[in-house]
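Geometric and topological summary
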Amino acid sequence: MKDYKIPAQTRIGHVHLKVSDLQKSLDFYSGLLGFDKVMVYGGQAAFISAGGYHHHIGLNTWQSLGAPPAPEYAPGLYHTAILYPERKDLAIILKRLIDAKYPITGASDHGVSEAIYLDDPDKNGVELYWDRPREEWPLDENGDLTMFTKRLDVQGLLKLSEK
């Protein structure tokens, strides 16, 4: 079999989540995080997006209505990562989460990005992050990427939400 590399322009188009309560999920993803509702199929499914795309996130209860969250230590989705265009955008959503008293499970500086971690109503992990410009990514002496996990400067980030 010939070596194959996926095209560099390839992107993850959307994630589709099984949820137990469609309205609770819409309250979180649209009400709190600010995604636009594009289409709702009765009480069973919804498609939401940022900026008018047909959908970034699909939500459905087709096989999961009223079900408990998936076990934490089982195979499955670790988290959905939502990429914000600018650091200030991450600051604004962090302030919004704090103001709403929504539980945050973590906050990290990875060198290439800064991230806020939380769970949606079904305990699906959600990462809210922004990428630093590529020229600022940490490299070792050989030019290889050296990501890390350090404490996020939350106060420094929040100062951006005030501007």
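For the structure, see preceding data.
Scope of this entry: the structure provided in the associated data block.

What counts as what
Residues numbered from 1 in each chain as written. Predicted model: local features only at pLDDT ≥ 70, side-chain atom pairs only at ≥ 80, totals over all residues. Heavy atoms only, no water. Salt bridge = Lys/Arg side-chain N within 4 Å of Asp/Glu carboxyl O. Helix = DSSP H or I, 4+ residues; strand = E, 2+ residues; numbered from the N terminus. Buried < 20%, exposed > 50% of the residue type's maximum accessible area, 1.4 Å probe, protein only. Pairing = 2+ DSSP bridges. Axes fitted to C-alpha atoms, helices over the stretch in contact; angles between N-to-C directions. Contact = heavy atoms within 4.5 Å. Phe/Tyr/Trp six-rings, centres within 6.5 Å; stacked < 30°, edge-to-face > 60°. Lys NZ or Arg CZ within 6 Å of the ring centre and 35° of its normal.

On to the pattern of salt bridges, then. Charged atoms that come close allow side chains of opposite charge to pair. Under the defined criterion, the tally for this structure stands at four salt bridges. Across the pair Glu114 and Arg87 runs a salt bridge, and its minimum N-O distance is 2.5 Å. Within this pair, whereas Glu114 is found in strand β7 (residues 113–119), its partner Arg87 is found in helix α2 (residues 87–99), the two being separated by 27 residues in sequence. The partly exposed category is assigned to Arg87, whose relative accessible area is 22%. Glu114 is the salt-bridge partner of Arg132, the closest N and O atoms lying 3.6 Å from each other. With Arg132 in the loop between β8 (125–131) and β9 (150–151) and Glu114 in strand β7, this residue pair connects regions lying 18 residues apart in the sequence. When sorted by exposure, Arg132 lands in the same class as Glu114, which is buried. Through salt bridges with shared partners, a single network forms among Arg87, Asp109, Glu114 and Arg132.

What follows is about the sheet that holds strand β3 (residues 45–49). Two strands in a sheet stick together by hydrogen bonds in their backbones, pointing the same way (parallel) or opposite ways (antiparallel). One open sheet holds the four strands; their spatial order is β1-β4-β3-β2, and the pairing between them is mixed. Sheet topology places β1 (15–18) and β2 (36–41) at the edges, where each strand pairs with a single neighbour. On average, each strand axis in the sheet is tilted by 20 degrees relative to the strand beside it, whichever way the strands run. Relative to strand β4 (residues 57–60), β3 runs antiparallel, the two sharing four bridges. Bridge pairing in β4 links Ala46 to Leu59. Packed on one face of the sheet, helix α1 (residues 22–32) meets β1, β2, β3 and β4 and runs near 5 degrees to β3.

What follows covers unusual backbone geometry. Of note in this structure, Lys101 is not a glycine but carries a positive phi near 55 degrees. Relative to the assigned elements, Lys101 resides in the loop between α2 and β6 (104–109). For Lys101, a relative accessible area of 73% puts it in the exposed group. Non-glycine residue Lys123 carries a positive phi angle of around 70 degrees. Its place among the elements puts Lys123 in the loop between β7 and β8.

Bringing the packing of aromatic side chains into the picture now. A full pass over the atoms with the stated rule returns three aromatic pairs. Each ring, one from Phe28 and one from Tyr29, has its centre 4.7 Å from the other, and the planes form 85 degrees; the classification is edge-to-face. When its relative accessible area of 3% is taken as the criterion, Phe28 is described as buried. Ring geometry for Tyr41 and Phe47: centres 5.7 Å apart, planes at 85 degrees, overall edge-to-face. Classification of Tyr41 as partly exposed rests on a relative accessible area of 42%. Take Phe47: its relative accessible area is 13%, and that puts it in the buried class. Taken together, the aromatic side chains of Phe28, Tyr29 and Tyr102 make up a single cluster linked through ring pairs. Over the ring of Phe148 we find Lys150; its NZ or CZ atom is 4.4 Å from the centre of that ring.

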